[in-house]
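Structural features, examined
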Amino acid sequence: MAYLLGLDIGTTSMKCALYNADSGRVVRTASRPTPVNHPQPGWSEHDPLELWNAAANCIREAAQAAGPDLNGIAGLAISSMAEAGVLVDAQGQPLAPVIAWYDRRSEPQAAWVEQQTGVEPLYRITGQRASPSFGVTKLLWLRDERPDLFSRGVMWQPVPAYLMARLCGQPAVDYTIAARTLLFDQHSLNWSAVLCETFGLDPSLLPPVYPGGTPIGRLSAAAAAATGLPPGTSCVLGGHDHLCASLAAGGHQSGTIVDSTGSASALLLLLPRFLPDPALAWRSYACYAYVLPGLFALKGGLKAAGSAIEWLARQLSNGHDIDYAKLEAAAAQGAGKRAGPLWLPHLIGSGSPEGDRFSSAAMVGVQFEHDRGDLFRGMLESIAFWLRRNLDDMRALTGAEISQVRLIGGVTRLRLLSQLKADVLNQPVIVPLVPESAAVGAALLAGIGAGVFSSPADAVASLRYGCEQIDPIPGHVDWYETMYQTIYRPLYDALQPINRAFTAMRRQDS
């Protein structure tokens, strides 16, 4: 019996899935909160040792389900938030906390990066625009603000590279994680010597890079003791969490777009080649190598999606535990028939397609008659409209035919949101019933690297999970088409001058 482990390091929680490759089912999942600290307002950090301990305990708990077949665990791979990383010294010890991907302290470094390269030249190399989320801006922040620590650093390790080093002594990243440093050349599929020289960084600071599914090393005795796994277990490269999840969800199929929404939202459409189109850059789309060879992902994103829903739910719960079922039921009362309020869901910038990281969230159309169900539904509707806006744009920019939309991630637990997406798109949406799809996607890559599967197609075919299809409600389609065209589409442009004024005032305050 062949078991595989997929460890997913998410923004708010980490999960480990033990996958039985013979039955095509997940045997057990284990989870832990992703440790995070806030040392001062606006800062978010992860302690590297706390991350490792939580990951090791997560692996141990999931692996226990193998029982006497523990030696049958053939491989382990990691799916992870992609941009956060840690600078280590010559002994591999962290020199500073991991700056969270959503921490905004490196805004000045992001602006400097774009000044040094220009938007379009940077995109032609990396397939992305500069943002404080990317690894390079955090590394440059350390160089600017903590030169004492930077001078002792010998390698910048994205989170999965750091954990891989703890597991098998070999730090390495796949193409998808490397891409999110903003130092990776999508043409050569290697670190960009041009960008390293432009930013004054030594390429030796960066870990080795290989395709997803590449075996990197064997589990060390120390890591075996920490995780409960057999020494010598194969350690394999996984990838960016959203892309690993799309693999498990069937997103590798032609004409399929995957809406992967947890704390953030990522829309993924696979392409046969890299598209270094400046029009994509200005709309904040990313285009970079996929976890499978020979494919590239066109990615739209919204940095606050599930986290925006949770934030609002907390505000509406008056200090009590969040009861999502009650909020959904209240919100559903007005679906397709009650106008307003509606949100502009820009709690951490606009994401795609506006490409405005200084845009702020807003709620419009609220009146005394509205209750908390209306406020909650307005947020869900806005996220459904954001999806529609991006799909319209992706079709126009690429000419791609999008035959189906698949929804994955934690927010699929909100059935109302999935229904709203079907209504707003006026087409069925598919919800794959694969549990913890990012962790399972990593497990499939582990199976490829460990030789359990002969090919990626063989790996995906091993899954024995079905899908739920959610059809649009005919009576809601015209209602939401009108709201989309007359309210949501003009909303960003109408509020942009106000958001610019807010940005100017915030800069004066800082």
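All of these numbers come straight from a predicted model, not from anything done at the bench. (Residues numbered from 1 in each chain as written. Predicted model: local features only at pLDDT ≥ 70, side-chain atom pairs only at ≥ 80, totals over all residues. Heavy atoms only, no water.)

If you walk through the whole model with that rule in mind, you get 11 aromatic pairs. Ring centres of Trp-101 and Tyr-102 lie 5.4 Å apart, and the angle between their planes is 90°; on these two criteria the pair is classed as edge-to-face. Judged by its relative accessible area of 8%, Trp-101 falls in the buried class. A ring pair is formed by Phe-274 and Phe-296, whose centres lie 6.0 Å apart and whose planes are at 35°; its orientation type is tilted. Highlighted residues: Phe-274 in the loop between strand E16 (265-271) and helix H11 (278-282) and Phe-296 in strand E18 (residues 296-302), separated in sequence by 22 residues. Residue Phe-274 shares its accessibility class with Phe-296, and that shared class is buried. One aromatic cluster in this structure is built from Phe-385, Tyr-480, Tyr-484 and Tyr-488. Stacked on the ring of Tyr-465, the Lys or Arg Arg-25 has its end atom at 4.1 Å from the ring centre. (Phe/Tyr/Trp six-rings, centres within 6.5 Å; stacked < 30°, edge-to-face > 60°. Buried < 20%, exposed > 50% of the residue type's maximum accessible area, 1.4 Å probe, protein only. Helix = DSSP H or I, 4+ residues; strand = E, 2+ residues; numbered from the N terminus. Lys NZ or Arg CZ within 6 Å of the ring centre and 35° of its normal.)

Our next topic: the pairing of strand E5 (residues 73-80). Extensive coverage of E5 is indicated by the burial of 7 of its 8 residues. Bridge count for strand E1 (residues 3-9) against E5 is 7 bridges, and the pairing is parallel. Considered in E5, the bridge of Ile-9 is made with Ser-80. With 5 bridges joining them, E5 and strand E14 (residues 234-240) adopt parallel strand pairing. Looking at the pairing, Ala-77 lines up with Val-236 of E14. (Pairing = 2+ DSSP bridges.)

This part takes up the sheet that holds E5. Here we have 6 strands laid out as an open sheet, ordered E3-E2-E1-E5-E14-E13, and mixed in their pairing. Strands at the two margins of the open sheet, each flanked by one partner only, are strand E3 (25-33) and strand E13 (215-218). Each adjacent strand pair in this sheet contributes to an overall mean axis angle of 20°, direction not counted. In the sheet, E13 pairs with E14 via 3 bridges, with the strands oriented antiparallel. Bridge assignment links Gly-217 to a residue of E14, and that residue is Cys-235. Here helix H6 (residues 159-168) sits on the sheet and contacts E1, E5, E13 and E14; the angle it forms with E5, its principal contact strand, is near 155°. (Axes fitted to C-alpha atoms, helices over the stretch in contact; angles between N-to-C directions. Contact = heavy atoms within 4.5 Å.)

With that settled, the discussion passes to the pattern of salt bridges. Counted under the stated rule, the structure contains 20 salt bridges. Between Arg-129 and Glu-114 there is a salt bridge; the shortest N-O distance is 3.0 Å. With Arg-129 in the loop between helix H3 (119-126) and helix H4 (135-145) and Glu-114 in helix H2 (residues 107-117), the pair connects residues that are 15 residues apart, well separated along the chain. Exposure class is identical for Arg-129 and Glu-114. Each is buried. With a shortest N-O distance of 2.4 Å, Glu-468 and Arg-415 are connected by a salt bridge. Pair noted here: Glu-468 is in strand E23 (residues 467-470) and Arg-415 is in helix H15 (residues 415-425), with a separation of 53 residues, a long-range link. Using a relative accessible area of 29% as the deciding quantity, one classes Glu-468 as partly exposed. Because the salt bridges share partners, they merge into one network encompassing Arg-338, Asp-374, Arg-377 and Glu-381. (Salt bridge = Lys/Arg side-chain N within 4 Å of Asp/Glu carboxyl O.)

Across the interface, H2 lies against H3 with an axial gap of 6 Å and an inter-helix angle of 95°. In terms of axis orientation, H2 runs roughly perpendicular to H3. Between H2 and H3, the contacting residues are Val-113, Glu-114 and Thr-117 on the first element and Val-119, Pro-121 and Leu-122 on the second. Tallied by class, residues from the contact of H2 with H3 come to 4 nonpolar, 1 polar and 1 charged. (Parallel < 35°, antiparallel > 145°, perpendicular 65-115°, else oblique. Nonpolar A, V, L, I, M, F, W, Y, C, P; charged D, E, K, R; others polar.)

Looking at the secondary structure, you find Phe-453 in the loop between helix H16 (437-449) and helix H17 (456-461). Expressed as a C-alpha distance, the spacing of Phe-453 and Asp-103, which sit 350 residues apart in the sequence, is 39 Å.

We now examine helix H13 (residues 324-332). By the burial criterion, the buried members of H13 are Leu-327, Glu-328 and Ala-331. An end-on view of H13 places all buried positions within 100° of arc, on one side of the element. Exposed side chains of H13 directed beyond 90 degrees from the buried face belong to Ala-325 and Lys-326. Those residues of H13 that are buried are in contact with helix H12 (306-315), helix H14 (372-398) and H15. One side-chain oxygen at the N-terminal end of H13 lies 3.2 Å from the backbone nitrogen of Ala-325; it belongs to Asp-323. (Arc of directions from axis to C-beta. Polar contact = N/O pair within 3.5 Å; in protein donor to acceptor, adjacent residues only side chain to side chain.)

For a regular strand, the rule is simple: side chains alternate between the two faces of the sheet. Of all 7 residues in E1, 7 are buried, a share of seventy percent or more. Burial along E1 is two-sided: Tyr-3, Leu-5, Leu-7 and Ile-9 facing one way and Leu-4, Gly-6 and Asp-8 facing the other are all buried. The pairing of E1 with strand E2 (residues 13-20) spans 7 bridges and is classified as antiparallel. Within E2, the residue paired with Leu-5 across the bridge is Leu-18. Taken together, E1 and the strand that follows it, E2, pair antiparallel across an intervening segment of 3 residues.

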